[in-house]
Amino acid sequence: MAAATALVASACRTSDGRPPDASPPAPSSSTTSSVDANADDALRGELYGLALARLVTTDNTFGEGIRFTEILVRTSTDPGAGGPERRGERRPLTDAERAGIEAALAPLGSFRWIDDPDTWRTPDLMPVVEGSAIVGVGEVRFRDGAALVPVSLWCGGLCGLSATYRLVRTGGGWQVEGFEGPVAIS
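About the criteria used
Residues numbered from 1 in each chain as written. Predicted model: local features only at pLDDT ≥ 70, side-chain atom pairs only at ≥ 80, totals over all residues. Heavy atoms only, no water. Disulfide = S-S within 2.5 Å. Buried < 20%, exposed > 50% of the residue type's maximum accessible area, 1.4 Å probe, protein only. Helix = DSSP H or I, 4+ residues; strand = E, 2+ residues; numbered from the N terminus. Expected span 1.5 Å × (residues − 1). Polar contact = N/O pair within 3.5 Å; in protein donor to acceptor, adjacent residues only side chain to side chain. Core = buried A, V, L, I, M, F, W, Y, C linked by side-chain atoms within 4.5 Å. Contact = heavy atoms within 4.5 Å. Phe/Tyr/Trp six-rings, centres within 6.5 Å; stacked < 30°, edge-to-face > 60°. Lys NZ or Arg CZ within 6 Å of the ring centre and 35° of its normal. Salt bridge = Lys/Arg side-chain N within 4 Å of Asp/Glu carboxyl O. pLDDT = per-residue confidence, 0-100.

Peer 1: What am I meant to see in the state of the cysteines here?
Peer 2: What we call a disulfide is simply a covalent bond connecting the sulfur atoms of a pair of cysteines. In total, this model carries 1 disulfide according to the counting rule given. The disulfide that involves C155 links it to C159, with 1.7 Å between the sulfurs. Handedness here is read from the sign of the S-S torsion; for C155 and C159, about -65°, the answer is left-handed. The exposure classification of C155 matches that of C159, with both residues buried.

Put into structure tokens, the structure is as follows:
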């Protein structure tokens, strides 16, 4: 994994880096919240897109340069994304969240939305679409000014990754800084 690799998203921002219609940032604290009043659907979509693009292009357990034949994206949050200690409710992704993911994944090749990941796995736990990967996201959390984005990638019975990315604000948007906490790889 190349530490220097960074994905940055640019968008219209106020002087302090917020979207024009966002509330002022919450004070930094050491606590983590799963729902942040400053994180609207479009921001979560941007964060999800950055995290998933990094996952499928760089941190996919195969290394940079590998390209899946197709990325199968879950239409709802994945309660297991981020590792075994992360569990939550599944909810449908909003249109704005999906738009952020689509914008990030479209340049990377073929992808499609799927409702039930189990229908995209064969009985012997291989992808129905050869060479594909199923990806998902968990609920964004914010801590100390950073966004924590749980992700999951499944590409076979012994092929997968679950982790949480730490994203930080930069002058031009958000950037994936790296993993936060444990990483589960199969």
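Peer 1: Explain helix α1 (residues 41–57) here, please?
Peer 2: Taking 1.5 Å per residue, 17 residues should reach 24 Å; α1 reaches 24 Å between its end C-alpha atoms and fits that length. Here α1 lies mainly inside the structure; 15 of its 17 residues are buried.

Peer 1: What should I look at first to understand the side chain of T58 in this one?
Peer 2: By secondary structure assignment, the location of T58 is in the loop between α1 and β2 (71–74). A distance of 3.3 Å separates a polar atom in the side chain of T58 from a polar atom in the side chain of T57.

Peer 1: Even after reading the chapter, I still don't get the nonpolar core, so can you show me in this structure?
Peer 2: Note that soluble globular proteins tend to have their nonpolar side chains buried in a common cluster. Among the nonpolar cores identified, the biggest contains 32 residues, and L47, L52 and L167 are the most heavily contacted of them. Counting residues per element, the ones that place at least two in this core are α1, β2, α2 (95–105), β4 (133–137), β6 (146–156), β7 (159–170) and β8 (173–179). Element by element, the count of residues in this core is highest for α1, at 8 residues. Setting aside residues up to four positions removed in sequence, L167 forms contacts with L47, L50, A146, A147, V149, W174, Q175, V176 and E177.

Peer 1: For this particular structure, what's the right way to read the side chain of E70?
Peer 2: Structurally, E70 is set in the loop between α1 and β2. In this structure E70 comes out as buried when scored by relative accessible area, which is 8%. At 2.7 Å, the side chain of E70 and the side chain of R112 are in polar contact. Apart from the residues lying within four places of it in its own chain, the contact partners of E70 are S110, F111, R112, V129, G131, S132 and A133.

Peer 1: Could you clarify how one ought to interpret the packing of aromatic side chains in this entry?
Peer 2: For any pair of aromatic rings, geometry is given as the distance between the ring centres together with the angle between the planes. A full pass over the atoms with the stated rule returns 2 aromatic pairs. Here the aromatic rings of F62 and F68 are separated by 6.1 Å at their centres, their planes lie at 70°, and the arrangement is edge-to-face. Ring geometry for Y165 and F179: centres 5.0 Å apart, planes at 15°, overall stacked. You can see Y165 sitting in strand β7 and its partner F179 sitting in strand β8, a full 14 residues away along the chain. In this structure F179 comes out as partly exposed when scored by relative accessible area, which is 26%. The side chain of R121 reaches across the aromatic face of W154, ending 4.5 Å from its centre.

Peer 1: I would appreciate a short explanation of the pattern of salt bridges in the present structure.
Peer 2: Any two side chains of opposite charge can pair, so long as their charged atoms come close to each other. Evaluated as defined, the whole model comprises 11 salt bridges. Close ionic contact of E70 with R112 constitutes a salt bridge, the shortest N to O distance being 2.7 Å. Highlighted residues: E70 in the loop between α1 and β2 and R112 in strand β3 (residues 111–114), separated in sequence by 42 residues. Owing to a relative accessible area of 33%, R112 belongs among the partly exposed residues under this scheme. Taking the shortest distance from any N to any O, the salt bridge between R166 and E180 comes out at 3.7 Å. A residue pair is termed long-range when its members are at least 10 positions apart, and R166 in strand β7 and E180 in the loop between β8 and β9 (184–185) qualify at 14 residues. The exposure class assigned to E180 is partly exposed, which follows from its relative accessible area of 22%.

Peer 1: When you look at the confidence of the model for the chain in this model, what are you seeing that I'm missing?
Peer 2: Fine structural detail should not be taken from predicted coordinates in areas where pLDDT scores are low. With 77% of its residues at a pLDDT of at least 70, the chain reaches an overall mean of 81. At the level of individual helices and strands, the chain shows its lowest average pLDDT in strand β1 (residues 8–9), which scores 32, and its highest in β2, which scores 98. Under a pLDDT of 50 for its full length, residues 1–38 has, in the predicted model, 71 contacts with residues more than four places off or in other chains.

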